[in-house]
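# Fold and contact review
The primary structure of each chain is shown beneath.
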Amino acid sequence: DRGEQKQRPVSCRLAAVLPVQEDIAAAGNTTEVLQILHGQAGGASECGSHVEILSLPTTLNPGDIESAVQTAETYDGALFVGMQYAPLMKELSRCGKQWVTIAGDPVLGATVWYDREGATRISVGHLLEHGHRRIAYFGAMQGDGGAKYTYFCQTLHAHGIEHDTARAFDCTKPYDDY
């Protein structure tokens, strides 16, 4: 590379690498994984791309890694959450495949750290910049997820907008209940 910028593909096919659904549920991470997938799909869609789910066993044996690398050849890149697939990430790097992980090891590769407060402020700010003023909140309003509701209200207030509690919906029921 002689300082030339690589051209980004106009559209790409990305793999969201996740454990099988039963492992996600057993770990109690269904809500978080759905939120991450929604964010990945929305971001990809914004640039004309799409994300497909690639489910793998939580613990990979060498045959699983080899098979996953072969499958990865059909994708432009991969998105990981956490470090359970570190051996696969290392092999993808060795093969020149692009990947990113959320809350991973920055020494191993490209890592994005999640900041609830910052993400909430950016999201609400984006809607406000586009002229929206009657913004609803859908999500947890208490417990661990309730912090996002607090950040949501604080962001509106910082922009001189009082939040209408009639537009706040506590979505803490399991997804199967809807």
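Residues numbered from 1 in each chain as written. Predicted model: local features only at pLDDT ≥ 70, side-chain atom pairs only at ≥ 80, totals over all residues. Heavy atoms only, no water.

### A look at the packing of helix α5 (residues 116-129) against helix α6 (residues 146-158)
Closest axis-to-axis distance for the α5/α6 pair is 9 Å, and the angle between their directions is 40 degrees. Here α6 runs oblique to α5, going by the angle between their axes. When you trace α5 past α6, the crossing you get is right-handed. For the pair formed by α5 and α6, the contact residues are Arg116, Glu117, Thr120, Arg121, Val124, Gly125 and Leu128 on the first element and Lys148, Tyr151, Phe152, Gln154, Thr155 and Leu156 on the second. A breakdown of the residues in the contact of α5 with α6 according to their chemical character gives 5 nonpolar, 4 polar and 4 charged. (Axes fitted to C-alpha atoms, helices over the stretch in contact; angles between N-to-C directions. Helix = DSSP H or I, 4+ residues; strand = E, 2+ residues; numbered from the N terminus. Parallel < 35°, antiparallel > 145°, perpendicular 65-115°, else oblique. Left-handed = near helix turned anticlockwise from the far one by under 90°. Contact = heavy atoms within 4.5 Å. Nonpolar A, V, L, I, M, F, W, Y, C, P; charged D, E, K, R; others polar.)

### Comments concerning empty space enclosed by the protein
A probe matching the size of a water molecule, rolled over the atoms, marks out where space remains unfilled. The tally for this structure, following the rule as stated, stands at 1 cavity of 30 Å³ or more. Along the walls of the largest cavity sit 13 residues, with Ala15, Ala72, Gly77, Ala78 and Leu92 positioned nearest its centre. Those elements giving two or more residues to the lining of the largest cavity turn out to be β1 (13-19), α3 (62-72), β3 (77-81) and α4 (86-94). Per-element accounting of the lining of the largest cavity gives the leading share, 3 residues, to β3. Its residues assigned to classes, the lining of the largest cavity shows 10 nonpolar, 2 polar and 1 charged. (1 Å grid on protein atoms, 1.4 Å probe; cavity = no way out; pocket = protein on both sides within 12 Å on 5 of 7 lines; lining within 4 Å. Points joined across faces, edges and corners; volume = space filled by probe spheres on them.)

### Quick look at the environment of Asp164
Relative to the assigned elements, Asp164 resides in the loop between α6 and β7 (168-170). Overall, Asp164 belongs to the partly exposed group, its relative accessible area being 34%. Separated by 147 residues in sequence, Asp164 and Val17 place their C-alpha atoms 38 Å apart. Within polar-contact distance, the side chain of Asp164 engages the backbone nitrogen of Ala166 at 2.9 Å. (Buried < 20%, exposed > 50% of the residue type's maximum accessible area, 1.4 Å probe, protein only. Polar contact = N/O pair within 3.5 Å; in protein donor to acceptor, adjacent residues only side chain to side chain.)

### Digging into the confidence of the model for the chain
With 90% of its residues at a pLDDT of at least 70, the chain reaches an overall mean of 82. Mean pLDDT across the elements of the chain bottoms out in helix α2 (residues 30-46) (81) and peaks in α6 (91). (pLDDT = per-residue confidence, 0-100.)

### Examining the layout of surface pockets
Estimated volume of the largest pocket: approximately 2000 Å³. Lining of the largest pocket is provided by 50 residues; of these, Gln35, His38, Gly39, Tyr114 and Lys148 occupy positions nearest its centre. For the lining of the largest pocket, the elements supplying multiple residues, two or more each, are α2, β3, β4 (99-102), α5, β6 (137-139) and α6. If you tally residues by element for the lining of the largest pocket, the top one is α2, at 13 residues.

### Describing the pairing of β4
Across the two faces of β4 the burial differs, with Trp99 and Thr101 buried and Val100 and Ile102 not buried at all. Where β3 and β4 come together, 4 bridges link them in parallel fashion. The partner of Ala78 across the bridge, within β4, is Trp99. Once you follow β3 into α4 and on to β4, the crossover reads as right-handed. Two strands pair when backbone bridges link them, and β4 and strand β5 (residues 111-112) are joined in this way by 2 bridges, in the parallel orientation. Within the sheet, the bridge partner assigned to Ile102 lies in β5 and is Val112. (Pairing = 2+ DSSP bridges. Right-handed = clockwise from strand over helix to strand, strands pointing away.)

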